[in-house]
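# Observations on the model geometry
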Amino acid sequence: MTRVLLTGGSVLDVASGEARPADVVMEGDRIVAVGTGLDGDEAVDCTGGMLLPGFIDCHTHVCLPATYHEDDPLDMPRSARALAAVPVLRTLLRLGVTTVRDAWGADAGLKLALERGWIEGPDLFVSLRQVCTTGGIGDHWAPLSGSLDLFGDPSMPDPVFCGADGARDVVRRMVRAGADWIKVTATGSMVRGTGVHDVQLTAEEMRALVDEADRQGRRGVMVHAHGARGAELAARAGARSIEHGTWLDESAVAAMAESGSWFVPTLSTTHGDPDRRPAAVEAHRRAVRLAVEAGVPVAMGTDNPVRPHTEVLREIGYLSDAGLGPAGALRAATLDAARLLGLADDRGEVAPGKRADLVLLDGTDLDPARLEDRIRSVWHNGRQVPAAPTGSGRVAGERRGDERPGSGRADGEPPDGERPDGGRPDGERPGSERPGGSERPGAAPPDQRAAPDSSAGGAALNGTTR
Ligand SMILES: [Zn+2]
């Protein structure tokens, strides 16, 4: 097997946060050696760069851009939902994101398509739907029409349940359709502004979800919770991760620390458009600080398309600023994310035996600001990710909105704050944002660069999701 030598650069040890000059040798899909003076059959010059493990987004929604950016989602054929993920996945991979956990919206067929190589993208773990009790934010129902489920099909089972038996049943439905994770909503939606501090399920229901998911192949439960009480209840029931956690307090983080629950803050939901809800920005930063002080482990997740998927790496900067620091934020996006997903034996570090998911950045600075401008190359499973085809632009028919910074409708939580009516109350048109210009100083030539695809998920949000 060909030994590929990545030579002349530095390697970031994400566990310690230290970068040292070192070579890396890949063979097949594995890293086989890290050190100085190594050799190989083929060499890649990494001079002036730093190798990191591939990034992991533990909370994204790769299929939602299409549904949520159309004027009338009811006009969309079902296949469009999955096909809209194709440019999103390609973009994420080119930005160095080699593993993602989809927090609902993607079905198991998309995962199959990636595994079979029909499409290009990160390794994908799916939750299918966000399960909830009657009237929760995954319950697509409107007083006028009754059920109006934009997502219902056999591969996306009914997510609504009631009672402990119902909780076990909904887990079994999801597992039957291929869910890797169980996603549940414990509070209402910040975007819709209702029930954010309510606790929308009982401790008994939560315990049943966790127990059943665990019995079904040791699956974990990821919990949408803005208010502290919903997060605390979920943590005490053994939830694997608390998502958003905008208003976590001392008691909630103590419960999380005690139970070993992870925190995936998804700061992009509040920090992507900080003027929109300044109080939530402050609360969110406090939540991260409290969690870190209490020893709650933190992993990176964006909740995109709350922001365009092209902005995925900005979450690392938000985490750094919120108290993790540059090294801590990079660890949250790599090794710690792998730990949350139960994959740390396989990936998350540049170390012998680990999967050859690698990002080559320009320079050795750990500062996570504008990381996307520093991506020189990406390897996924030992294979170099192809650069964007010359002249690739938006997909046909994609509309483009206002490109002012912050023009994206960072509404705090669109994907999870789903609405059943498909309406767009403010009449805003969807937009898309291209990643920075076609030439970046110090970046690799266009034919070698793992450039993001501007057609992907760049669309801003619309009212459908608020
Ligand atoms: Zn979400």
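Here the structure is a predicted model, which means the values were calculated and not measured. (Residues numbered from 1 in each chain as written. Predicted model: local features only at pLDDT ≥ 70, side-chain atom pairs only at ≥ 80, totals over all residues.)

### A word on the overall build of the protein chain
The secondary structure content of the protein chain amounts to 12 helices and 21 strands. Buried residues in the protein chain amount to 58% of all 466 residues. Taking the intrachain contacts of the protein chain between residues at least 6 apart in sequence as the baseline, contacts between residues at least 24 apart amount to 73%. (Helix = DSSP H or I, 4+ residues; strand = E, 2+ residues; numbered from the N terminus. Buried ≥ 20, exposed ≤ 12 C-beta atoms within 10 Å, placed from the backbone. Contact = placed C-beta atoms within 7 Å.)

### Some points on unusual backbone geometry
Residue Pro 305 follows Asn 304 across a cis peptide bond; omega there is 20°. Looking at the secondary structure, you find Pro 305 in the loop between helix 10 (278-294) and helix 11 (314-332).

### Structural notes on the nonpolar core
In terms of nonpolar packing, the biggest core is built from 121 residues, with Leu 51 and Ala 234 touching the most fellow members. Per element, the largest residue contribution to this core is eight residues, and it comes from helix 11. Excluding residues that lie within four positions of it along the chain, Ala 234 makes contacts with Ala 186, Met 206, Val 223, Ala 225, Ala 239 and Ile 242. Counting residues in each nonpolar core, the second largest holds five residues, with Met 190, Val 196, Ala 280 and Val 281 among its members. (Core = buried A, V, L, I, M, F, W, Y, C linked by C-beta atoms within 7 Å.)

### So, helix 5 (residues 163-176)
The end-to-end C-alpha distance of helix 5, which contains 14 residues, comes to 20 Å, matching closely the 20 Å that a straight helix rising 1.5 Å per residue would cover. All buried positions along helix 5 are accounted for by Ala 167, Val 170, Val 171 and Met 174. Taken down its axis, helix 5 places every buried residue within 100° of arc, on the same side. In helix 5, the exposed positions that point more than 90 degrees away from the buried face belong to Asp 165 and Arg 176. (Expected span 1.5 Å × (residues − 1). Arc of directions from axis to C-beta.)

### Some remarks on the packing of helix 5 against helix 6 (residues 203-215)
The relative placement of two packed helices comes down to the angle between their axes together with the axis-to-axis distance. Running from N to C, helix 5 and helix 6 cross one another at 30°; their axes reach a closest spacing of 8 Å. Along this stretch, helix 5 crosses helix 6, giving a crossing that reads as right-handed. Between helix 5 and helix 6, the residues in contact are Gly 163, Ala 164, Ala 167, Arg 168, Val 171 and Arg 172 and Glu 204, Glu 205, Ala 208, Leu 209, Glu 212 and Ala 213, respectively. Residues of the contact of helix 5 with helix 6, tallied by class, amount to six nonpolar, one polar and five charged. (Axes fitted to C-alpha atoms, helices over the stretch in contact; angles between N-to-C directions. Left-handed = near helix turned anticlockwise from the far one by under 90°. Nonpolar A, V, L, I, M, F, W, Y, C, P; charged D, E, K, R; others polar.)

### Topic: the pairing of strand 16 (residues 221-227)
Taking burial as the measure, the seven residues of strand 16 include seven buried ones, the bulk of the element. Pairing between strand 15 (residues 182-185) and strand 16: four bridges, direction parallel. When the bridges of strand 16 are listed, Ile 182 appears paired with Val 221. Tracing the backbone out of strand 15, into helix 6 and back to the parallel element strand 16 gives a crossover that is right-handed. With helix 7 (residues 228-236) bridging strand 16 and its parallel neighbour strand 17 (residues 241-247), the resulting β-α-β unit is right-handed. (Pairing = 2+ DSSP bridges. Right-handed = clockwise from strand over helix to strand, strands pointing away.)

### A look at helix 11
A rise of 1.5 Å per residue sets the reference length of helix 11, with its 19 residues, at 27 Å; its end C-alpha atoms lie only 13 Å apart and thus fall more than 12% short of the reference. Along helix 11, the sharpest kink reaches roughly 130°, centred on Gly 323 and followed within four residues by the proline Pro 326. (Bend = angle between axes of the 7 residues up to and from the residue.)

### What about the sheet that holds strand 20 (residues 375-380)?
Strand order in the open sheet made by the six strands is 3-2-7-19-20-21, with mixed pairing throughout. For this open sheet the edge positions go to strand 3 (18-21) and strand 21 (383-384), each flanked by a neighbour on one side alone. For strand 7 (residues 49-53) and strand 19 (residues 358-362), the ladder comprises five bridges, and the chain directions are antiparallel. By the bridge assignment, Leu 51 is partnered in strand 19 with Leu 360.

### Thoughts on the sheet that holds strand 8 (residues 55-60)
The strand order across the open sheet formed by three strands is 8-9-10, and the pairing between neighbours is parallel. Each edge of the open sheet is held by one strand with a lone partner, namely strand 8 and strand 10 (123-125). Averaged over all pairs of adjacent strands, the angle between strand axes in this sheet comes to 15°, irrespective of strand direction. Sheet analysis places strand 9 (residues 97-102) next to strand 10, joined by three bridges and oriented parallel. Looking at the pairing, Thr 99 lines up with Asp 123 of strand 10.

### A closer look at the pairing of strand 3
Across four bridges, strand 2 (residues 10-13) lies against strand 3 in antiparallel orientation. Along strand 3, the bridge assignment pairs Leu 12 with Ala 19. The loop that links strand 2 with its antiparallel partner strand 3 comprises four residues; one of these, Gly 17, has a positive phi angle of about 80°.

### A few points about the packing of helix 7 against helix 8 (residues 250-259)
Following both chains from N to C, one finds helix 7 and helix 8 inclined at 15°, their axes separated by 8 Å at the closest point. For the element pair helix 7 / helix 8, the angle class is roughly parallel. Between helix 7 and helix 8 lies a crossing of left-handed hand. Facing Ala 228, Ala 231, Glu 232, Ala 235 and Arg 236 of helix 7, the residues of helix 8 in contact are Ser 251, Ala 252, Ala 255, Met 256 and Ser 259. Class assignment of the residues belonging to the contact of helix 7 with helix 8 gives a composition of six nonpolar, two polar and two charged. (Parallel < 35°, antiparallel > 145°, perpendicular 65-115°, else oblique.)

### Quick look at the environment of Ala 237
Within the secondary structure, Ala 237 is located in the loop between helix 7 and strand 17. In this structure the C-alpha to C-alpha distance between Ala 237 and Ala 255, which are 18 residues apart in sequence, comes to 9.7 Å. Setting aside anything within four residues of it in sequence, one finds Ala 237 in contact with Ala 203, Met 206, Arg 207 and Val 210.

### Looking at the confidence of the model for the protein chain
For the protein chain, per-residue confidence averages 85 on the pLDDT scale, and 82% of positions sit at 70 or higher. Scored below 50 in pLDDT, residues 390-414 shows 70 contacts in the model against residues more than four places distant or in partner chains. Low pLDDT (under 50) marks residues 419-466, which in the prediction has 152 contacts with non-local residues, meaning those over four places away or in another chain. (pLDDT = per-residue confidence, 0-100.)

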